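Here are the chains, one letter per residue:
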Amino acid sequence: MIKQAKGKTPRRPPPKKPPNNQKDPVGVYCRVRPLGAEDEECCIEVISSSTIQLHAPEGFKTNRNGEYKETQYSFKRVFGVSISQMELFEHVAQPLVDDLIHGKNGLLFTYGVTGSGKTFTMTGSPGQGGLLPRSLDMIFNSIGPYQAKRYVFKTDDKNGMEVQNEVDALLERQRRENNLPVPKTPSARQKLDPEIADMIKPEEAYKADGVDEDSSYSVFVSYIEIYNNYIYDLLEETQEDVIKPKPPQSRILREDQNHNMYVAGCMEVEVKSAEEAFQVFWKGQKKRKVANTCLNRESSRSHSVLIIKLAQAPLDADGDNVLQDKNQVTVSQLCLVDLAGSERTGRTGAEGTRIREAGNINQSLLNLRTCIEILRENQMCGSNRMVPYRDSKVTHLFKNYFDGEGKVKMVVCVNPKADDYEETLLVMRFAEMTQEVEVARPVDRPICGFTPGRRHRNQAFKEELSRKLEERGGPLDRDMPSVISHLVHNLPPLPSCELTDPHDDITLPRLIEALQHRYRIKQMMIDEYSQAANALKAMLQDMDGNLISKDNLIREQTGKLDEKDKVIQTNKAELERLEKRTKMQEHKIDILQKTTKIYEDDKRSMRQELETREQRLHRELSDKKRIEQRMHGVVSDTKLKWEKECDRRVNAMQLEMQNKLWVKDEKLKQLKAIVTESRTPGRPDPPPRQTQPKRPSREERLPAKRSASPSPVPTSTPVRPLHRRSRSAGGEKWVDHKPSSSMDLGTVLQPVIPNSIQVSAPSEKALSKCDRYVLTHQEVASDGEIQTKLIKGEVIKTRGGGQSVQFTDIETLKQELTTVPGRKRKSSEGKPPNGDRADGAWTDVETRCSVAVEMRAGSNMGPGYEHHGITKRRKP
């Protein structure tokens, strides 16, 4: 039983974006690296700040017979060998960082041949920081005072961002610090790696203008590589197993609710400083795939992508906390891509794994070129061809940028040495084509409706509150001497102690009494303070006990949470495995269903074809039966007809033979009577009596048995009528055309044509040698006998050099059976006195066969038409 395919959830319609018809071309920049040695041949010359010129090396001119010419290529800006990293950043990456802080996306990637300086342009070296560390430094220089506390912004698993209050963020921080390992940061009193220390000098720092002070910011970084068309997370924390190391797990691309592509399950680290962010980047950089080739000592074997996400949300109306509204959170990202260089295996000397890596690198770059070409064709020609983003992970990940989700810039790095001329030429053509692609300009994010300046007013309010507290009693965290002096000032004032008279007994007792009063007050205050201290101590002890018990409870709950987390992780892994298995099974089910559908369609079509053939077979069988029945009827009718005809002819022949025998008998009787009378002497011969012979009776007419011997021939000689001489007996040369299907009838008269060429089919060669033409044609007459026609004509030459035949007359030879009752011969004996001819004078076969019927040209009995005797003519 085949399981039905699971119904697919309909896709959510894309969010409605405000219409924006403004487009910007892809910004393409060119950077020329210095030559490795001064004596190397250079094939690139910087003409101006936007144009370079390529010179074909001498070897190419010799080998190509001078076909290569100097070509110039224009870019948005060209950076020569003396350009600094700071100037490159100012023109290329600084506008993208400004857009990032203002809520817009950006994509920057380096492209070029292997060994052309792409990694140096992107990363740099100590003292010469590249585009990446300078971008991070500018971001934190701009948003440093306005950063939210850690874990206030929290990423979800669907490329979204959530907002937490400070209490939840504190709990989240404690939980992660206790359970999950986090990347060590420079704030943890660790020294920076010497390889990345002092990347940027303080005087080279940049800061963005127009930063929104009434918003809070958080920065998240993720670092991935695309190796052999698989995506790997370079920040993934893996437990290293020396005995059995596990290979890294590849990631998949997914689409969020806004139809933006993201790497599912990729680790995103929240960073609070440029040093911390670059430390995280360098940790992943050490895991990147590099190898030593003949052209580059540290050749990148994968495409690396650093994704910088900036989350920002407005403050509430008081300007104190982040607004707890997920819809008000704006997430912008900047992707810095270091593409692996295209290379030729013949030059790099790659073998084994390196060949496969080079093939995958070149294939992914070819897919990028194909997508750019189709985008350019669609925009320039107005076509609507599908762009094959999914053919490569690189193009699939960044397809949203080419669809209008942010600015796109490309830095083309070239090596001016002559050995890279051909590959550099291809890179220049790709860069020139990329500049013609336009990307929709990103729209500005909506402005929050709160009053601006909330953060500044909140800070001013806190400062004024602190000042008022200091005026009224000072802050609560003063030291002990100040507290004592405050208490002293609260005691009753001392009376005047001036003595004017030695016998004054009032001043001293009054002073003693005041001091005693102050002492009592002091003792009372000391007692009160002691009681309060004891109570506070007891309360602190109780709180300490409660804190210890709570700590134990928290530790116990933490252990349980750890166990639960492990169970959850195990369940997640099991769920992922089951989901993969389910998807695989669904895929197999889909394949089986498609195969089943194909088989069912084939079965249905074959069944229909079988039914059609069966119907055709039944129809043919019925037609065959009907034809058989018809033929049986025709055969039976023909058989009956011919039986009747044979009977009729047999009866007629028998009657004819019987009449002939009767006539012969009568003649013999008459002859016998004459002979007998002639022997009587002296007696004249009486005149013969004309007597009517007696017809035989019906019994005598019955057919007698036919004899095998011929009937006796009468002694009288038959009369031979004269015949007309045939016209075919002239002196011309004839073409005697006798088809191979002609039958020999055995007649006495046979057409004999002297001086003739006998052929079975007319030919141009035979007709060219003769003057006359005769065709022997046989056909069945109306009485069922075969008659022979001699169709004669004259051969005439045509204008085209051929011959044509014009028919003139037709001779017909026909054979008939006699049907008269008797056969009479011409004789002097027995001739009637009135001189009438005998009845059977023209009834014998010889007489009939000696007569030929001639038909003149133009007669109604035959055709009068021209027959052209040319080569390859069908038989008449």
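Residues numbered from 1 in each chain as written. Predicted model: local features only at pLDDT ≥ 70, side-chain atom pairs only at ≥ 80, totals over all residues. Heavy atoms only, no water.

1. Topic: the overall build of the chain
Along its length, the chain carries 17 helices and 30 strands. When the 876 residues of the chain are sorted by exposure, 33% land in the buried category. Taking the contacts inside the chain whose residues are at least 6 apart along the sequence as the reference set, 71% of them involve residues at least 24 apart. Per element, the accessible surface of the chain, about 58200 Å² overall, is 53% carbon and sulfur. (Helix = DSSP H or I, 4+ residues; strand = E, 2+ residues; numbered from the N terminus. Buried < 20%, exposed > 50% of the residue type's maximum accessible area, 1.4 Å probe, protein only. Contact = heavy atoms within 4.5 Å. Areas by Shrake-Rupley, 256 points an atom, 1.4 Å probe, with all protein chains shown as cover.)

2. Re the sheet that holds strand 3 (residues 44–46)
Here we have three strands laid out as an open sheet, ordered 3-4-5, and antiparallel in their pairing. What marks the edges here is a single partner per strand, and that holds for strand 3 and strand 5 (71–74). Neighbouring strand axes in the sheet, compared pairwise and without regard to direction, differ in orientation by 25° on average. With three bridges connecting them, strand 3 and strand 4 (residues 51–54) associate as antiparallel partners. For Val46, the partnering residue across the bridge sits in strand 4 and is Ile52. (Pairing = 2+ DSSP bridges. Axes fitted to C-alpha atoms, helices over the stretch in contact; angles between N-to-C directions.)

3. Regarding the pattern of salt bridges
Counted under the stated rule, the structure contains 25 salt bridges. The network of salt bridges with common partners includes Glu645, Arg648 and Arg649. (Salt bridge = Lys/Arg side-chain N within 4 Å of Asp/Glu carboxyl O.)

4. Points about the packing of aromatic side chains
Taken as a whole and assessed by the stated rule, the structure comprises nine aromatic pairs. Measuring from centroid to centroid gives 6.5 Å for Phe281 and Trp282, while their planes differ by 55°, and the two rings are tilted. The buried category is assigned to Phe281, whose relative accessible area is 2%. By the ring-pair criterion, three or more aromatic residues cluster together here, those being Tyr223, Phe278, Phe281 and Trp282. (Phe/Tyr/Trp six-rings, centres within 6.5 Å; stacked < 30°, edge-to-face > 60°.)

5. Considering the pairing of strand 22 (residues 406–414)
Each regular strand displays side chains that alternate between the two surfaces of the sheet. By the criterion of burial, strand 22 is predominantly enclosed, with eight of the nine residues buried. As paired elements, strand 2 (residues 27–32) and strand 22 share six bridges and run parallel to each other. Across the sheet, Val28 pairs through a bridge with Met410, a residue of strand 22.

6. Points about helix 9 (residues 353–381)
In a regular helix each residue adds 1.5 Å, so 29 residues correspond to 42 Å; helix 9 covers 42 Å between its end C-alpha atoms and thus fits that length. At the exit of helix 9 stands Gly382, carrying a positive phi of roughly 75°. (Expected span 1.5 Å × (residues − 1).)

7. Looking at a nonpolar patch on the surface
A cluster of nonpolar side chains, contributed by Leu536, Met539, Leu540 and Met543, occupies part of the molecular surface with about 380 Å² of accessible area. Take Met543: it is sitting in helix 15 (residues 507–678). (Patch = residues over 30% accessible without salt bridge, like charges linked within 9 Å, V, L, I, M, F, W, Y side chains within 5 Å.)

8. Focus: the packing of helix 3 (residues 94–101) against helix 5 (residues 131–143)
The relative placement of two packed helices comes down to the angle between their axes together with the axis-to-axis distance. The geometry of helix 3 relative to helix 5 is characterised by a closest axis approach of 10 Å and an angle of 40° between their N-to-C directions. Taken together, the axes of helix 3 and helix 5 lie oblique to each other. Note on packing geometry: the crossing formed by helix 3 with helix 5 is right-handed. Of the residues in helix 5, those in contact with Gln94, Val97, Asp98, Leu100 and Ile101 of helix 3 are Ser135, Met138, Ile139, Ser142 and Ile143. Class assignment for the residues of the contact of helix 3 with helix 5 results in six nonpolar, three polar and one charged. (Parallel < 35°, antiparallel > 145°, perpendicular 65-115°, else oblique. Left-handed = near helix turned anticlockwise from the far one by under 90°. Nonpolar A, V, L, I, M, F, W, Y, C, P; charged D, E, K, R; others polar.)

9. A word on the confidence of the model for the chain
With 74% of its residues at a pLDDT of 70 or more, the chain shows a mean pLDDT of 77. Mean pLDDT across the elements of the chain ranges from a minimum in strand 29 (residues 853–855), with 37, to a maximum in strand 2, with 94. Ignoring residues within four places in sequence, the model shows residues 1–9, a span with pLDDT below 50, making eight contacts including any to other chains. Across residues 182–190, where pLDDT falls below 50, the model places twelve contacts with residues more than four positions away in sequence or in other chains. (pLDDT = per-residue confidence, 0-100.)

10. Details of the side chain of Ser218
Among the secondary structure elements, Ser218 is positioned in strand 12 (residues 215–227). Overall, Ser218 belongs to the buried group, its relative accessible area being 0%. Only 3.3 Å separates the side chain of Ser218 from the side chain of Glu270, close enough to count as a polar contact. Beyond its immediate chain neighbours, meaning those up to four positions away, Ser218 contacts Ala148, Phe153, Glu270, Lys272, Lys309, Leu310 and Ala311. (Polar contact = N/O pair within 3.5 Å; in protein donor to acceptor, adjacent residues only side chain to side chain.)

11. So, unusual backbone geometry
The phi dihedral of Asn159 falls on the positive side, at around 65°, and the residue is not glycine. Within the chain, Asn755 stands out as a residue other than glycine whose phi angle is a positive 55°. Secondary-structure assignment places Asn755 in the loop between strand 24 (734–737) and strand 25 (756–759). Overall, the relative accessible area of 46% leaves Asn755 in the partly exposed class.

12. Things to note about the side chain of Glu270
Mapped onto the fold, Glu270 is located in strand 17 (residues 269–271). Overall, the relative accessible area of 7% leaves Glu270 in the buried class. Looking at Glu270, its side chain comes within polar contact range of the side chain of Lys272, at 3.1 Å. If we skip the residues at most four places from it in the chain, Glu270 touches Lys149, Arg150, Tyr151, Phe153, Ser218, Val219, Phe220 and Glu276.

13. What to know about the pairing of strand 7 (residues 105–112)
Counting buried positions along strand 7 yields eight of eight residues, so the element is predominantly enclosed. Side-chain alternation along strand 7 places Asn105, Leu107, Phe109 and Tyr111 on one buried face and Gly106, Leu108, Thr110 and Gly112 on a second face that is also buried.

14. Comments concerning helix 2 (residues 85–92)
All buried positions along helix 2 are accounted for by Gln85, Leu88, Phe89 and Val92. What you see down the axis of helix 2 is that its buried residues fit within an arc of 100°, all on one side. (Arc of directions from axis to C-beta.)

15. Examining a negative patch on the surface
Taken together, the side chains of Glu40, Glu41, Glu58 and Asp419 make up a negatively charged region of the molecular surface. Among the secondary structure elements, Glu40 is positioned in the loop between strand 2 and strand 3. Residue classification places Glu40 among the partly exposed residues on the basis of a relative accessible area of 34%. (Lys, Arg positive; Asp, Glu negative; His and termini not counted. Charge placed at Lys NZ, Arg CZ, Asp CG, Glu CD.)

16. Considerations on the nonpolar core
Among the nonpolar cores identified, the biggest contains 57 residues, and Ile52, Phe75 and Phe398 are the most heavily contacted of them. In this structure, Phe75 is in contact with Val28, Tyr29, Cys30, Ser50, Ile52, Met428, Ala431 and Gln435, ignoring residues within four places of it in sequence. By size, the runner-up hydrophobic cluster in this structure holds 46 residues, among which are Met138, Met199, Tyr206 and Val211. (Core = buried A, V, L, I, M, F, W, Y, C linked by side-chain atoms within 4.5 Å.)

17. Describing the packing of helix 9 against helix 12 (residues 421–434)
Where helix 9 contacts helix 12, the axes come no closer than 10 Å and their chain directions differ by 35°. Along this stretch, helix 9 crosses helix 12, giving a crossing that reads as left-handed. Only Leu426, Arg429, Phe430, Met433 and Thr434 of helix 12 make contact with helix 9, whose side of the interface consists of Leu368, Arg369, Ile372, Glu373 and Arg376. Across the contact of helix 9 with helix 12, the residue classes break down as five nonpolar, one polar and four charged.

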